[in-house]
Amino acid sequence: VRVLALLLMVQSLPTFMGDTFQILAKTEWNLTTKGFSSFVAMFGIINIAANVVGSQMVVKLGIRKYTALATLSAALSPLGASLFSFRGLVVGAILGFLGSAQMLGVTAALVAEGAKSDVSQGKLAGERSSFLALMKVIGPIWYSMLYVKGKKFLGVSSLPFLFNIMLGMTAFGISQYYL
């Protein structure tokens, strides 16, 4: 159960960039408020599609294969951003749309493992909520530090995205070993 919780943390941390992404989009990519709003709306549509398709693919591929595919897909967006700026981010988000639903398989495995270990669903839900609350605090601080320090010491603004690629590869490795 603990390894699955760690895997969920590694997979979910990129979603807690906080305002760092918005600041980066405005200062580095000169994205207007309208452009940013359009991107967020597009990402919402991608999330819906990913969850609809992903829930069907988990059944067909199994948890391990689906998680591998979705985790690698999640790395396309930060890879695109790192290499090609905003357009790369958008293309990566579209091509790697399953990355938005990468936690489906892990969540299912966590529920199944919790049932095997006689851990109640309420306790699992409470632990997950506490964990996500912690990520909401740590994530924005960590990503803002990566952005600021990356610009100051390395002269690059893509450090948060490079970190997300590293998280994706870590999640892939953990999922292939433990699922």
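This report concerns the structure included in the present document. (Residues numbered from 1 in each chain as written. Predicted model: local features only at pLDDT ≥ 70, side-chain atom pairs only at ≥ 80, totals over all residues. Heavy atoms only, no water.)

As a further point, take unusual backbone geometry. The bulk of non-glycine residues show a negative phi, and the bulk of peptide bonds are trans. One non-glycine residue with positive phi stands out, namely Asn30, at about 50°. Positionally, Asn30 belongs in the loop between α2 (19–27) and α3 (33–61). Given a relative accessible area of 61%, Asn30 falls into the exposed group. Even without being glycine, Ser85 reaches a positive phi, approximately 70°. On the secondary structure map, Ser85 appears in helix α5 (residues 76–95). Classification of Ser85 as partly exposed rests on a relative accessible area of 32%. (Helix = DSSP H or I, 4+ residues; strand = E, 2+ residues; numbered from the N terminus. Buried < 20%, exposed > 50% of the residue type's maximum accessible area, 1.4 Å probe, protein only.)

For soluble globular proteins, the rule of thumb is that nonpolar side chains tend to be buried together. Grouped together as the largest cluster of nonpolar side chains are 32 residues, with contacts concentrated most on Phe21, Trp29, Phe86, Leu89, Tyr143 and Phe161. Of all the elements in the fold, those that place two or more residues in this core are α1 (2–12), α2, α3, α5, α6 (103–116), α7 (121–154) and α8 (159–178). With 6 residues, α7 is the largest single contributor of residues to this core. Not counting residues within four places of it along the chain, the set of residues in contact with Phe161 comprises Met17, Phe21, Leu24, Trp29, Pro78, Ala81, Ser82 and Leu89. In terms of nonpolar packing, the next biggest core, distinct from the first, is built from 6 residues, Val58, Tyr66, Ala70 and Ala101 among them. (Core = buried A, V, L, I, M, F, W, Y, C linked by side-chain atoms within 4.5 Å. Contact = heavy atoms within 4.5 Å.)

As a further point, take a nonpolar patch on the surface. Taken together, the side chains of Leu76, Leu79, Leu83, Phe84, Val91 and Leu95 present a nonpolar region at the surface, about 590 Å² in accessible area. Among the secondary structure elements, Phe84 is positioned in helix α5. Accessibility expressed as a relative area gives 58% for Phe84, which makes it exposed. (Patch = residues over 30% accessible without salt bridge, like charges linked within 9 Å, V, L, I, M, F, W, Y side chains within 5 Å. Areas by Shrake-Rupley, 256 points an atom, 1.4 Å probe, with all protein chains shown as cover. Salt bridge = Lys/Arg side-chain N within 4 Å of Asp/Glu carboxyl O.)

Attention now moves to the environment of Leu124. Checked against the element boundaries, Leu124 lands in helix α7. Here the alpha-carbon distance between Leu124 and Tyr147, two residues 23 residues apart in the chain, equals 33 Å. Beyond its immediate stretch of four places on either side in the chain, Leu124 contacts Val1, Leu110, Val111, Gly114 and Val119.

What follows is about the packing of α7 against α8. With their axes 8 Å apart at the nearest point, α7 and α8 run at an angle of 120° to one another. Considering the angle they form, α7 stands oblique to α8. Listed contacts from α8 to Trp142, Tyr143, Leu146, Tyr147, Gly150 and Leu154 of α7 are Leu159, Pro160, Phe163, Asn164 and Leu167. Across the contact of α7 with α8, the residue classes tally to 9 nonpolar, 2 polar and no charged. (Axes fitted to C-alpha atoms, helices over the stretch in contact; angles between N-to-C directions. Parallel < 35°, antiparallel > 145°, perpendicular 65-115°, else oblique. Nonpolar A, V, L, I, M, F, W, Y, C, P; charged D, E, K, R; others polar.)

Turning to the environment of Ser129, a few remarks are in order. The topology assignment puts Ser129 in helix α7. The class for Ser129 is partly exposed, based on a relative accessible area of 48%. Counting along the chain gives 81 residues from Ser129 to Ile48, while the straight-line C-alpha distance between them is 22 Å.

Next up on the list: α7. The largest bend in α7 amounts to roughly 30° and is located at Ile138, with the proline Pro140 lying one to four residues further along. Summarising the contacts, the buried residues of α7 are in contact with α1, α2, α6 and α8. Directly after α7, the chain includes Gly155, whose backbone phi takes a positive value near 75°. (Bend = angle between axes of the 7 residues up to and from the residue.)

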